[in-house]
Amino acid sequence: MLLKRLLATFAYTVISMLIAVPWHLGWFKQQYHDFGVYTRADPIIPLGMATMLIQGGVMAWLYPRWYRGGTPALEGTKFALLFGVFLYSASTLATIAKVAVADPWQFVLLSGIFHALQFGLCGAAIGLVFGRLDTKTA
């Protein structure tokens, strides 16, 4: 089980980075800057990676306790999307409550699409890493 948890954490981190780097530092960099939210000239990439390792580790630890049977990729996706809604509320909605975002509805939409992609893909990967678990011992 430890190996599966490490692989799931790694999968979450790699997939998240593959989505986040082009999304935030390429395709939509100017939009996020214009929102007035992500304005650091040089993002601290190692801190972002550490954040993803923590998130992936927590998800890898919780997923076997949540799994109740079913298709691994679908169950992983459902689990991760639920987790994603939780993190979305903290990273997006709470930001709007604390920071004067230039276009809050566009920020909500763009961040929502990002989180849906990130957690949908990561969840499928986590489910596939764990496969079908014995629900009596998980």
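Within every chain, residues take consecutive numbers counted from 1 along the sequence as written. Residue-level local features of this predicted model are given only where pLDDT is at least 70; pairs of side-chain atoms are given and counted only at 80 or more, and the full residue set underlies all totals for whole chains, interfaces and linings. Excluded from the side-chain calculation are hydrogens and water; included are all heavy atoms of the structure.

Summing up the model confidence of the chain, the mean pLDDT is 90 and the portion of residues at 70 or higher is 96%. Note: pLDDT gives the predictor's confidence per residue, expressed from 0 to 100. Helical segments are the DSSP runs of H or I of at least four residues, strand segments are the runs of E of at least two, and each set is numbered from the N terminus. For the chain, helix 2 (residues 29-35) is the element with the lowest average pLDDT, namely 89, and helix 5 (residues 104-130) is the one with the highest, namely 95.

When two rings of Phe, Tyr or Trp (its six-membered ring) have centres within 6.5 Å they constitute a pair, described as stacked for plane angles under 30 degrees, edge-to-face for angles over 60, and tilted for the intermediate range. Throughout the structure, instances matching the rule amount to 14 aromatic pairs. Ring plane angle 50° and centroid distance 5.9 Å describe the contact between Tyr-63 and Tyr-67, whose orientation is recorded as tilted. The residues Tyr-63 and Tyr-67 share a single accessibility class, namely buried. For the ring pair Tyr-63 and Phe-79, a centre distance of 5.3 Å and an interplane angle of 65° mean the geometry is edge-to-face. With Tyr-63 in helix 3 (residues 45-66) and Phe-79 in helix 4 (residues 72-98), this residue pair connects regions lying 16 residues apart in the sequence. The cut-offs for exposure are 20% and 50% of the maximum accessible area for each residue type, with area from a 1.4 Å probe on protein chains only; residues under the lower value are buried, those over the upper are exposed, and the others partly exposed.

Below, the discussion takes up the packing of helix 4 against helix 5. Comment: axis = line fitted to C-alpha atoms, over the contacting stretch for helices; angle = value between 0 and 180 degrees taken between N-to-C directions. Taken N-terminus to C-terminus, the directions of helix 4 and helix 5 make an angle of 150°; their axes are 7 Å apart at the nearest point. As far as their axial angle goes, helix 5 and helix 4 are roughly antiparallel. Crossing angle aside, the handedness with which helix 4 passes helix 5 is right-handed. Each residue receives one of three labels: charged for Asp, Glu, Lys and Arg, nonpolar for Ala, Val, Leu, Ile, Met, Phe, Trp, Tyr, Cys and Pro, and polar for the others, Gly being one of them. In terms of residue class, the contact of helix 4 with helix 5 is made up of 16 nonpolar, 12 polar and no charged. Roughly parallel means an angle under 35 degrees; roughly antiparallel, over 145; roughly perpendicular, 65 to 115; everything else is oblique. Handedness of each helix crossing follows the sense of rotation of the near helix against the far helix: counterclockwise by less than a right angle gives left-handed, clockwise gives right-handed.

As a further point, take the nonpolar core. If you look at the biggest cluster of nonpolar residues, it comprises 27 residues, and the most contacted ones within it are Tyr-12, Phe-35, Met-59, Tyr-63, Phe-119 and Ile-126. Among the elements of the structure, helix 1 (2-27), helix 2, helix 3, helix 4 and helix 5 are those that each provide at least two residues to this core. Among the elements that line this core, the one with the most residues is helix 5, at seven residues. Any two residues whose heavy atoms approach within 4.5 Å are treated as being in contact. Discounting chain neighbours no more than four positions away, the residues touching Tyr-12 are Met-52, Gln-55, Gly-56, Met-59, Gln-118, Phe-119, Cys-122 and Ile-126. Side-chain atoms within 4.5 Å are what join buried Ala, Val, Leu, Ile, Met, Phe, Trp, Tyr and Cys residues into a set we call a nonpolar core.

Right, let's get into the side chain of Thr-95. Assignment of secondary structure puts Thr-95 in helix 4. When near neighbours in sequence (up to four residues on either side) are disregarded, Thr-95 contacts Val-37, Ala-90 and Phe-107.

Right, let's get into helix 3. Helix span is expected to be 1.5 Å times the residue number reduced by one. For helix 3, spanning 22 residues, the distance from its first C-alpha to its last is 31 Å, which sits close to the expected 32 Å at 1.5 Å a residue. Along helix 3, the positions that sit buried rather than exposed are Met-52, Gln-55, Gly-56, Met-59, Ala-60, Tyr-63 and Pro-64. Against helix 1, helix 4 and helix 5 lie the buried residues of helix 3.

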